Amino acid sequence: MKIKQKRKLIEYANVLDQPIRFSPFLFGRDFWLWALLGLIGGSIAGVYWITLESLMHALAGFEGWLVVPLMTIAGLIAGLIIHWIGDPGEIHLIVNNIRFNKGKLNPKNNPSMILSSLICVAAGGSLGPEAPLVQVTGSTGTWLGKIFRLKGEKLRTYSIAGMASGFTALFGAPLGGSLFAVEILHHKHMLEYYRAVIPALVASCFSYIVFALIIHLGLGPTWNFPQYSYEGIFDFGYAFGIAVLGSAVAWIFIFCTKGCKKAFELVSMPIYVKTTLGGLILGLIGYGFPITRYFGHHEINEVIGLNLSWETLLLIIAMKILAISVTVTSGWRGGFIIPLFFVGTCLGLALCQLFPGLNPTLTWVSCMAAVNACVTRTPVSTTILLSVLTGFGHFVPILIASLTGYFLAPRVPFIHSQLKKIESEPT
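Residues numbered from 1 in each chain as written. Predicted model: local features only at pLDDT ≥ 70, side-chain atom pairs only at ≥ 80, totals over all residues. Heavy atoms only, no water.

1. Re the overall build of the protein
Note the following rule: Segments assigned H or I by DSSP are reported as helices when at least four residues long, segments assigned E as strands when at least two residues long, and all are numbered from the N terminus. Only protein chains enter the area calculation, which uses a 1.4 Å probe; residues under 20% of their type maximum are buried, those over 50% are exposed, and those in between are partly exposed. To measure how exposed things are, a 1.4 Å probe is used in the Shrake-Rupley method; for residues, cover is taken only from the protein chains shown.
For the protein, the helix and strand inventory stands at 18 helices and 0 strands. Expressed as a percentage of the 427 residues in the protein, the buried residues total 54%. Taken as a whole, the protein presents about 19400 Å² of accessible surface, with 67% of it coming from carbon and sulfur.

Here is the structure:
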């Protein structure tokens, strides 16, 4: 018998002598910790969402001119909370801590973030609950990692998995939420933190199950878009052309936000004065244009059913962009992903009014994808999220629109902490 054959027989015999056991990679401690993190994240998201819906229902009776004092007082209360308890930061700080602070998100900021964001979102601010949820669930991942004495890349992985559980609970898309948590951290390299993808997927699946049980969430699209049917190769060209216009609107939003930021920085003022002033401005916008109030989760279906003229829709887009910009820069807390989807929907509705031959669903979704991808630099996860939220089953047109928005985005990202430390703005 040859020597090679003898060696193989010895190897096979050694393998057979080993006791049968489960693979530690699949069923080890890490898997169950990721699952536990998802269960905790989904529970937090469920309680937060129920509380938010209750507050929104309680404040929904304030209509007409009452919106102005309501949002002014809400801004004052939110500002005082931040002033007394501490500044919880925004999405810029979350990304910065994940990338440059060894992946640590401070749980001490959670009380301020939860209280201030609930007031801001429930009162009608133009930011959604996604950023607050991500902060809370991501810091929960940091907390769980520290309990088990994790350090370095492992601790960062748990923070990202916690973020993914928050994204997933809100959007109802485990794959899209997981990729969004990884993709939003860098403006060029989607999988710079590739080690966190599997933990994020596991945490997201468990988070989605718990969240669905708590709020009785069903399967199906969130927004009632007409069924899209593929009409030919030209649909891809339409998606590209529409996305170019969506990218232009995203640029307008970016410039408007920078302008509002400079305006609020002209005079140094305490945070509670800034949030009160922001609330007054938002109240006036909400009084003049009620559809721009709130972050757009329910308003997208509402604006689709109104059959507004293109002139009115363009005015709503301008006021919504201004409202989001004021909300972002005046210290109000929340996230701008769903509000950007609302802007994209209004733009798509206006284009369909101007060009009746366009496919409505293709136009709306392409605008939503381009606007969001241009601002957040997340073309892949945006594609998956929109396919779930709108029931748009064809990936390619959405992906074309998302990539168009991504490549037409400004070189310096809107979320500045997506840049590397060694990178600087081009001259």
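Still more to cover.
2. What about the state of the cysteines?
Put simply, the rule is: Note on terminology: pairs of cysteine sulfur atoms within 2.5 Å are recorded as disulfides.
Overall, the coordinates contain 0 disulfides when judged by the stated rule. Among the cysteines around C260, which has no disulfide bond, C256 carries the closest sulfur, lying 4.3 Å off.

3. Section: unusual backbone geometry
In most cases, non-glycine residues show a negative phi, while peptide bonds are predominantly trans. Not every positive phi belongs to a glycine, and R149 is a case in point at roughly 55°. Looking at the element boundaries, R149 is found in the loop between α7 (130-147) and α8 (152-171).

4. Overview of the side chain of R333
For clarity, the threshold we go by: Any N or O atom pair separated by 3.5 Å or less is treated as a polar contact, with the protein-specific requirement of one donor-capable and one acceptor-capable atom, and with residues adjacent in sequence counted only for side-chain atom pairs.
Relative to the helices and strands, R333 resides in the loop between α14 (310-329) and α15 (337-354). In this structure R333 comes out as buried when scored by relative accessible area, which is 3%. At 2.6 Å, the side chain of R333 and the backbone oxygen of G331 are in polar contact.

5. A few points about a nonpolar patch on the surface
Threshold: Nonpolar side chains (Val, Leu, Ile, Met, Phe, Trp, Tyr) within 5 Å and like charges within 9 Å form the patches, drawn only from residues with over 30% relative accessible area and no salt bridge. Salt bridges are defined by distance alone: a side-chain nitrogen of Lys or Arg within 4 Å of a carboxyl oxygen of Asp or Glu.
There is a patch of nonpolar side chains on the surface, built from F62, W65, L66 and Y287 and spanning about 440 Å² of accessible area. Take L66: it is sitting in the loop between α3 (29-59) and α4 (67-85).

6. A closer look at the pattern of salt bridges
Pairs can form between side chains of opposite charge whenever their charged atoms are close. Tallying each qualifying case throughout the model produces 2 salt bridges. The salt bridge involving K154 is made with D30; its shortest N-O contact spans 3.1 Å. Residue K154 is found in helix α8, and its partner D30 is found in helix α3; the two are separated by 124 residues along the sequence. Taking relative accessible area as the criterion, K154 reaches 40% and is therefore assigned partly exposed.

7. Focus on the confidence of the model for the protein
Rules: One confidence number per residue, pLDDT, is output by the predictor and ranges from 0 to 100.
Summing up the model confidence of the protein, the mean pLDDT is 85 and the portion of residues at 70 or higher is 84%. The secondary structure element of the protein with the lowest average pLDDT is helix α2 (residues 24-27), at 56, and the one with the highest is α14, at 95.

8. Side note on the packing of aromatic side chains
For the record, the criterion: Between rings of Phe, Tyr and Trp, where Trp is taken as its six-membered ring, a pair exists when centres lie within 6.5 Å; planes separated by under 30 degrees are stacked, by over 60 edge-to-face, and by other angles tilted. Two thresholds decide whether a charge sits over a ring: the Lys NZ or Arg CZ must be within 6 Å of the ring centre and within 35 degrees of the ring normal.
Applying the stated rule across the entire model yields 11 aromatic pairs. Aromatic pair F31 and W32: ring centres 4.9 Å apart, planes at 85°, arrangement edge-to-face. Aromatic side chains W223 and F341 sit 6.0 Å apart centroid to centroid with 75° between the ring planes, which places their arrangement in the edge-to-face category. Linking W223 in the loop between α10 (197-215) and α11 (234-264) with F341 in helix α15, this pair joins segments that are 118 residues apart in sequence. Judged on exposure class, the residue W223 and its partner F341 are both buried. Counting every residue linked through ring pairs, the aromatic cluster contains F31, W32 and F206. The cationic tip of K320 hangs over the ring face of F342; the distance from NZ or CZ to the ring centre is 5.3 Å.

9. A word on the side chain of S325
Basically, it comes down to this: The contact rule is simple, with two residues in contact once any of their heavy atoms fall within 4.5 Å.
Assignment of secondary structure puts S325 in helix α14. Dropping the residues within four chain positions of it, S325 is found in contact with F253, C256, T257 and C260.

10. Re helix α6 (residues 110-123)
What counts is decided by this rule: Given a helix with a known number of residues, its expected span is that number minus one, times 1.5 Å.
With 14 residues, α6 ought to run about 20 Å at 1.5 Å a step, and its terminal C-alpha atoms sit 20 Å apart, in line with that. Most of α6 sits inside the fold, with 10 of its 14 residues counted as buried. Three or more residues of α6 are buried, namely N110, S112, M113, S116, S117, L118, C120, V121, A122 and A123. Taken from the residues just after α6, G124 is the one with a positive phi, measuring 120°.

11. Topic: the packing of α14 against α15
The line we're drawing: Note on definitions: angles span 0 to 180 degrees between N-to-C directions of axes, and those axes are lines fitted to C-alpha atoms, for helices only across the stretch in contact. An angle counts as roughly parallel when it lies under 35 degrees, as roughly antiparallel when it exceeds 145, as roughly perpendicular when it falls between 65 and 115, and as oblique in every other case. Two helices that cross are described as forming a left-handed crossing if the nearer one is turned anticlockwise from the farther one by less than a right angle, and a right-handed crossing if clockwise. Under the scheme applied here, ten amino acids are nonpolar (Ala, Val, Leu, Ile, Met, Phe, Trp, Tyr, Cys and Pro), four are charged (Asp, Glu, Lys and Arg), and all others, including Gly, are polar.
Running from N to C, α14 and α15 point in directions that differ by 165°, and their axes come no closer than 9 Å. Judged by the angle between their axes, α14 and α15 are roughly antiparallel. As for the relative orientation of α14 and α15, their crossing is left-handed in sense. Taking contact as the criterion, the partners of W310, L313, L314, I316, I317, K320, I321 and I324 in α14 are, on α15, P339, L340, F342, V343, C346, L347, L349, A350, Q353 and L354. Per-class residue counts for the contact of α14 with α15 are 16 nonpolar, 1 polar and 1 charged.

12. Re the environment of V68
Here V68 is to be found in helix α4. Sequence separation between V68 and G283 is 215 residues, and the spatial gap between their C-alpha atoms is 4.0 Å.

13. Considering a positive patch on the surface
Test applied: The positive count covers Lys and Arg only, the negative count covers Asp and Glu only, and His and the chain ends enter neither. Every charge is mapped onto a representative atom, which is NZ of Lys, CZ of Arg, CG of Asp or CD of Glu.
There is a patch of like positive charges on the surface, built from K104, K108, K146 and K151. Here K146 lies in helix α7.

14. Considering the packing of helix α16 (residues 360-376) against helix α17 (residues 379-390)
Relative to each other, α16 and α17 sit at 145°, their axes nearing to 10 Å. Relative to α17, α16 is oriented so that their crossing is right-handed. Seen from α16, the contacting residues are V365, M368, A369, N372, A373 and T376; seen from α17, they are P379, T382, L386 and T390.

15. Some details on the environment of T312
Along the chain, T312 turns up in helix α14. Among the residues examined, T312 registers a relative accessible area of 34% and is labelled partly exposed. A polar contact is formed between the side chain of T312 and the side chain of S309, at a distance of 3.0 Å.

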